[in-house]
Amino acid sequence: MVLRHTCPGPFAILFRGFALSMALCLGFFVNSRAFAQIAETREALSRVEELIQIKLEDGSLDGKALTPLLVVSAEPHFQLSKAGYGSTVLALLSRIFNTSLVRVCVACNRPSVDARAGRLETRSGLLSLDEVRAEDARIRGEAAPAKAAIWVDETPDGGVSLRIVSLADGRVLAADLVTSDLAWSEKSRKNFSIARDLQRRGRGESLTHAFFDLGLYPSQHIAIDWMEQWGESNRNLSGLSLSLFTPVLGLGPTYARVFPHLFNTLIGGKALLSIPTALVRNISNGSSGDLIDPLLSGIAYARVPIPLLSGNYSGFLFAQIPQGRVGIGLSANNMSLLPLLP
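Residues numbered from 1 in each chain as written. Predicted model: local features only at pLDDT ≥ 70, side-chain atom pairs only at ≥ 80, totals over all residues. Heavy atoms only, no water.

### Section: the nonpolar core
Link 1 in the chain: Within the largest apolar cluster, 24 residues are counted, with the highest numbers of intra-cluster contacts made by Leu93, Phe97, Ile150, Val152 and Ile164.
Link 2 in the chain: Listed by contribution, the elements that provide at least two residues to this core are helix H1 (10-57), strand S1 (69-73), helix H3 (85-96), strand S5 (148-154), strand S6 (160-166) and strand S7 (172-178).
Link 3 in the chain: With five residues, H3 is the single largest residue contributor to this core. (Core = buried A, V, L, I, M, F, W, Y, C linked by side-chain atoms within 4.5 Å. Buried < 20%, exposed > 50% of the residue type's maximum accessible area, 1.4 Å probe, protein only. Helix = DSSP H or I, 4+ residues; strand = E, 2+ residues; numbered from the N terminus.)

Right, dumping it as structure tokens:
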């Protein structure tokens, strides 16, 4: 019997090398994609922490109604996430709430067997709220019952599914699918800002506004007003006014009130000190008269919102006292495109 050793041809060597290269590239792609998804999950968990903190700050969530908080599920989706996902979730919840107020239900996601006389019951899958309450009663000992349960699970697309439910009545306190990329469109940002301002008004908190008044005909009055909106019904505004024309470089307090039955019109007044006139009188020891404008000027004004312009613009009417000058123009509210306004 003769054994023959044959060497592979050049085409066979090239094919084997190509197959090995493809296998290495595929393995590298799979691993790199897995690590990328883990990185996306970590970013999504950071967004979850920010989201919960924002809801606690703006009153959407009541911290006292959440704690003690029972962590029912913190399940990873990817194999590489299993080592650290649960501890990362517990760490972020401990940063938001006190560590002593966060409780973990280890048995909530494990199959259980209940053996009784003549009966064998196996349970798996999601727990009902009654079962979650029973597990909490079993593990809490002498501590207070949990008020809310939370599920923070990793999703296949690298995001995080968040759900918070009240254990008292089963109300959904928060539910969201959070991803690492929370890029909003300009319309979404505007809607969010409107909703945030409405919530602040509902809580009776003050709001800061910047008005740019441009009165042009027949008399002129150009000014910038920074005003705080306050009061039980948020109908009062007060602040500081800086005039650029009539009077030239005037500074003083301003006050206005909102009249909802008059199309939310702002009616108020300003008391402006002419800085150039005040400086000249100070230098001349009061012997000089008015330089450009009188030392003190009173401005009565009204801002009537224009609905077609999304509430960012108002018609502006003013009267200067005691000079008796009147004029009309336009007023811009919180316009970020104007470089002088916040």
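### Side note on the packing of aromatic side chains
Link 1 in the chain: Throughout the structure, instances matching the rule amount to two aromatic pairs.
Link 2 in the chain: Pairing Phe316 with Phe318 gives two aromatic rings, centres 5.9 Å apart and planes at 20°, and the pair type is stacked.
Link 3 in the chain: Of the residues examined, Phe316 reaches a relative accessible area of 1% and is grouped as buried.
Link 4 in the chain: The ring centre of Trp151 lies 4.2 Å from the NZ or CZ of Arg163, which sits over that ring. (Phe/Tyr/Trp six-rings, centres within 6.5 Å; stacked < 30°, edge-to-face > 60°. Lys NZ or Arg CZ within 6 Å of the ring centre and 35° of its normal.)

### Focus on the sheet that holds strand S14 (residues 313-321)
Link 1 in the chain: The strand order S8-S9-S10-S11-S12-S13-S14-S15 describes a closed barrel built from eight strands, whose pairing is antiparallel. Pairwise comparison of adjacent strand axes, ignoring direction, gives a mean angle of 25° for this sheet.
Link 2 in the chain: With eight bridges connecting them, S14 and strand S15 (residues 325-333) associate as antiparallel partners. Residue pairing in the sheet places Tyr313 in a bridge with Ala332 of S15. (Pairing = 2+ DSSP bridges. Axes fitted to C-alpha atoms, helices over the stretch in contact; angles between N-to-C directions.)

### With respect to the side chain of Gln320
Link 1 in the chain: One can find Gln320 in strand S14.
Link 2 in the chain: Among the polar contacts listed, one links the side chain of Gln320 to the side chain of Ser297, at a separation of 3.5 Å.
Link 3 in the chain: Those residues within four positions of Gln320 in sequence are excluded, and the remaining contacts are Thr246, Ser297, Gly298, Ile299 and Arg325. (Polar contact = N/O pair within 3.5 Å; in protein donor to acceptor, adjacent residues only side chain to side chain. Contact = heavy atoms within 4.5 Å.)

### Points about the pairing of strand S12 (residues 265-274)
Link 1 in the chain: Sheet topology places strand S11 (residues 250-259) next to S12; eight bridges connect them, and they run antiparallel. Considered in S12, the bridge of Val258 is made with Leu266.
Link 2 in the chain: The loop that links S11 with its antiparallel partner S12 comprises five residues; one of these, Phe263, has a positive phi angle of about 60°.

### Examining the side chain of Ser314
Link 1 in the chain: With respect to the element layout, Ser314 can be found in strand S14.
Link 2 in the chain: Beyond its immediate chain neighbours, meaning those up to four positions away, Ser314 contacts Arg303, Val304, Pro305, Ile306, Gly329, Leu330 and Ser331.

### Thoughts on the pairing of strand S9 (residues 221-230)
Link 1 in the chain: The pairing of strand S8 (residues 207-218) with S9 spans nine bridges and is classified as antiparallel. When the bridges of S9 are listed, Phe211 appears paired with Asp225.
Link 2 in the chain: Hairpin connection between S8 and S9: a loop of two residues separates the two successive antiparallel strands.
Link 3 in the chain: As paired elements, S9 and strand S10 (residues 236-245) share nine bridges and run antiparallel to each other. Bridged to Trp226 within S10 is Leu240.

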